[in-house]
Amino acid sequence: MVSERSAVPAGAEVLVASNRGPVSYSLGEDGTLTAKRGGGGLVSGLSAIGPDTNAVWVCAALGDGDREAVRRTGGAPAPGDTGGRRVRMLDIPAEVHAQAYNGIANSVLWFVHHMLYQTPLEPVFGAEFRAQWASYEAYNRAFARALADEAAEGAAVLVQDYHLALVPGMLRTLRPDVRIAHFSHTPWAPPEYFRMLPDDVAEQLLRGMLGADRLGFLTHRWADAFTACCAAVLGGTGGTGTGVYGLGADAGFLRERSHRADVADRLAALREQIGTGPDGSPRRTIVRVDRTELSKNIVRGLLAYRQLLADRPSWRERVVHVAFAYPSRQDLAVYRDYTAAVGRLADEINAEYGTAGWTPVVLHVKDDFARSLAAYRLADVALVNPIRDGMNLVAKEIPVVSDHGCALVLSREAGAHEELGAAAITVNPYDVSGTAEALHEALSMDAAERAERTERLAAAATALPPDRWFLAQLRALTG
Ligand code: G6P
């Protein structure tokens, strides 16, 4: 017999918390809401636990569409919109969210961990920072309360990223019975950089994280930096365990997805834009695909390409730099300026070297996943040169998808370098001349070496696919 209580969902056994959830809504002029499902490692990772596990994903409402959806659904979007997953979307006041997300997470913590400050003038930790910090605390508290509310006795809670660094400590106080993991998808700053933060804030962040039972990082380098920060600021980690889980590419999904009709259409259009060289054969391609984040180093990548064309005229007319730079965090002026700088430099190179039948840089700035996969397929060279990056999945995806194998020019500052470095051509991301030489070497690589390296790259790239990445963390937490 069905008791009255069974209508109330039991507390969740597995909980995921992240700022950006697996679904977002846009609000049409006529008041209709359109749901868009997100992708990424966490979405495919969570699917590994199977539909029978009582799981919930707690995330923030990010825009007006999301807020309206929360109002209409009481914060629980329809399973049809979320791929069947239970989602709890938090309507944190827009002003609080903006201060926490743009003010602290993206303008302070992201800058610290990627070491992006121009230190003669920034950062400035004054009254404005303190007001934003109070919002960051309130936003973390809202997540901790929602998780405490949703979790079954002894549940496993997996908290994601720098947005939610205080959640483990807060949740531990509210619910001592649950198991808590925190995973950082970014690099972690070394102590001398991390300690730019005001001492009390640095301490609060680390103590917040140490409220977890397990802390996960993408590479040993970032895990070691975290431990070193704890040693410098707190005198140690107090016994909290760290683990390294190098998120890999999802080969099955990528290979299937990249052979669908929409990708074939984009491939034909790109081939048209790239054209053929003086000898009639298709031009070589140097492909990069990034969200336009300040850490991706797109401008120096273009400078290196310009230097290649200047130093080695034999490549003119024979190569095209296919650069996709998709919008990211456009609320922040410094991101908008960076996006504009990328566009200007691409135009300059095209004006300087372009000819009637040859566009040296093909730049696209409108996000299009199918077109990204098309570019992956035709890549001869993949350029991944971030000044600092937690992992960089593009470096892992291109060798898996490329039709004829590709040479990978890879920054030693990308987390992916820990696993892919041996089969890649390594660059110092600040060294534009060195990067130009690496591009020449990559373009000149003979077919046999390229095939052999691509095979090794693809094997390393797929060593820990998203489902196993997620399950390994869950097992370490609950096992
Ligand atoms: C990058 C980082 C992730 C982070 C995400 C947030 O992809 O690698 O660690 O969670 O940015 O991006 P968003 O667009 O939500 O600010």
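Residues numbered from 1 in each chain as written. Predicted model: local features only at pLDDT ≥ 70, side-chain atom pairs only at ≥ 80, totals over all residues. Heavy atoms only, no water.

## A word on the packing of helix H14 (residues 394–401) against helix H17 (residues 447–461)
Under the convention used in this document: With axes taken as lines fitted to C-alpha atoms, and helix axes fitted only over the stretch in contact, angles between N-to-C directions fall between 0 and 180 degrees. Counting from the N terminus, the helices are the DSSP runs of H or I reaching at least four residues and the strands are the DSSP runs of E reaching at least two. Geometric relationships in this document are graded by angle, where less than 35 degrees denotes roughly parallel, more than 145 denotes roughly antiparallel, 65 to 115 denotes roughly perpendicular, and other angles denote oblique. Rotating anticlockwise by less than a right angle from the far helix to the near helix defines a left-handed crossing, while the corresponding clockwise rotation defines a right-handed one. Contact definition: two residues touch when any of their heavy atoms are within 4.5 Å.
In contact at an axis separation of 8 Å, H14 and H17 are set at 125° when each is read in the N-to-C sense. If you check the angle between H14 and H17, you find them oblique. Remark: the crossing between H14 and H17 carries left-handed chirality. Across the interface between the two elements, Lys 396, Pro 399 and Val 400 of H14 pack against Thr 454, Leu 457, Ala 458 and Ala 461 of H17.

## Some points on the pattern of salt bridges
Heads up, the condition is: Any Lys or Arg side-chain nitrogen found within 4 Å of a carboxyl oxygen on Asp or Glu counts as a salt bridge.
Enumeration over the complete set of coordinates arrives at 30 salt bridges. Between Asp 200 and Arg 130 there is a salt bridge whose closest N-O contact spans 2.8 Å. Of the two residues, Asp 200 is situated in helix H7 (residues 199–210) and Arg 130 in helix H4 (residues 127–150); the sequence distance between them amounts to 70 residues. Note that Arg 283 is salt-bridged to Glu 317, the shortest N-O span being 3.3 Å. Separated by 34 residues along the polypeptide, Arg 283 in the loop between helix H10 (261–274) and strand E10 (284–291) and Glu 317 in the loop between helix H11 (298–311) and strand E11 (319–326) bring together distant segments of the chain. When salt bridges that share partners are traced, they join Arg 291, Glu 293, Lys 296, Arg 329 and Asp 389 into one network.

## Concerning the sheet that holds strand E9 (residues 241–244)
Whenever strands of a sheet pair, they do so through backbone hydrogen bonds, lying parallel or antiparallel. The condition that has to hold: Only strands that DSSP links by at least two bridges are regarded as paired with each other.
The 7 strands lie next to each other as E5-E4-E1-E6-E7-E8-E9, forming an open sheet whose pairing is parallel. Among the strands making up the open sheet, the edge pair consists of strand E5 (86–90) and E9. Taking each pair of neighbouring strands and ignoring which way they run, the sheet shows an average axis angle of 20°. Its contacts with the sheet place helix H5 (residues 167–174) against strand E6 (151–160) and strand E7 (179–183), and it is angled at close to 175° to E7.

## What to know about the environment of Glu 441
Rules: Under the scheme applied here, a residue whose accessible area is under 20% of the maximum for its type counts as buried, over 50% as exposed, and between as partly exposed, the area being computed with a 1.4 Å probe on protein chains only.
On the secondary structure map, Glu 441 appears in helix H16 (residues 432–444). Among the residues examined, Glu 441 registers a relative accessible area of 44% and is labelled partly exposed. As a C-alpha pair, Glu 441 and Leu 27 span 414 residues in sequence and 49 Å in three-dimensional space.

## Some words on the sheet that holds strand E14 (residues 407–411)
If you trace the 6 strands from one edge of the open sheet to the other, you get E12-E11-E10-E13-E14-E15, paired in parallel fashion. Strand pairing shows two members of the sheet lacking a second neighbour, strand E12 (361–364) and strand E15 (425–427), which therefore form its edges. Direction aside, neighbouring strands of the sheet carry axes that sit 20° apart on average. Note that E10 and E11 share 8 bridges and pair parallel. Across the sheet, Val 287 pairs through a bridge with Val 322, a residue of E11. On top of the sheet, H11 reaches E10, E11, E12 and strand E13 (381–384); it is set at about 170° to E11, its chief contact.

## Structural notes on the site of the ligand
Under the convention used in this document: Any residue with at least one heavy atom within 4 Å of a molecule or strand is counted as near it. We call two N or O atoms a polar contact when they sit within 3.5 Å, provided that within protein one can donate a hydrogen and the other can accept it, with sequence-adjacent residues counted only if both atoms are side-chain atoms. Where accessible areas are quoted, they stem from the Shrake-Rupley method and a 1.4 Å probe; at the residue level, only the protein chains shown are allowed to cover. Residue classes follow a fixed rule: Ala, Val, Leu, Ile, Met, Phe, Trp, Tyr, Cys and Pro count as nonpolar, while Asp, Glu, Lys and Arg count as charged, and any other residue, Gly among them, counts as polar.
By nearness alone, every residue bordering the ligand is listed as Arg 20, Tyr 101, Trp 110, Asp 161, Tyr 162, His 163, His 185, Thr 186, Arg 291, Glu 293 and Arg 329. Within the contact set of the ligand, an oxygen atom lies 2.8 Å away from a side-chain nitrogen or oxygen of Arg 20. In the model, an oxygen atom of the ligand is placed 3.0 Å from a nitrogen or oxygen of the Arg 291 side chain. Protein coverage of the free-state accessible area of the ligand, which is 390 Å², stands at 77%. When grouped by side-chain class, the residues that make up the shell around the ligand number 3 nonpolar, 3 polar and 5 charged.

## Side note on the pairing of E7
Threshold: By convention, a crossover is right-handed whenever its connection, traced from the first strand over the helix to the second and viewed with the strands pointing away, goes clockwise.
Most of E7 is tucked away: 4 of the 5 residues are buried. With 5 bridges connecting them, E6 and E7 associate as parallel partners. Counted as the bridge partner of Leu 158 is Ala 181 from E7. Once you follow E6 into H5 and on to E7, the crossover reads as right-handed.

Shape descriptors only; they carry no functional weight alone.
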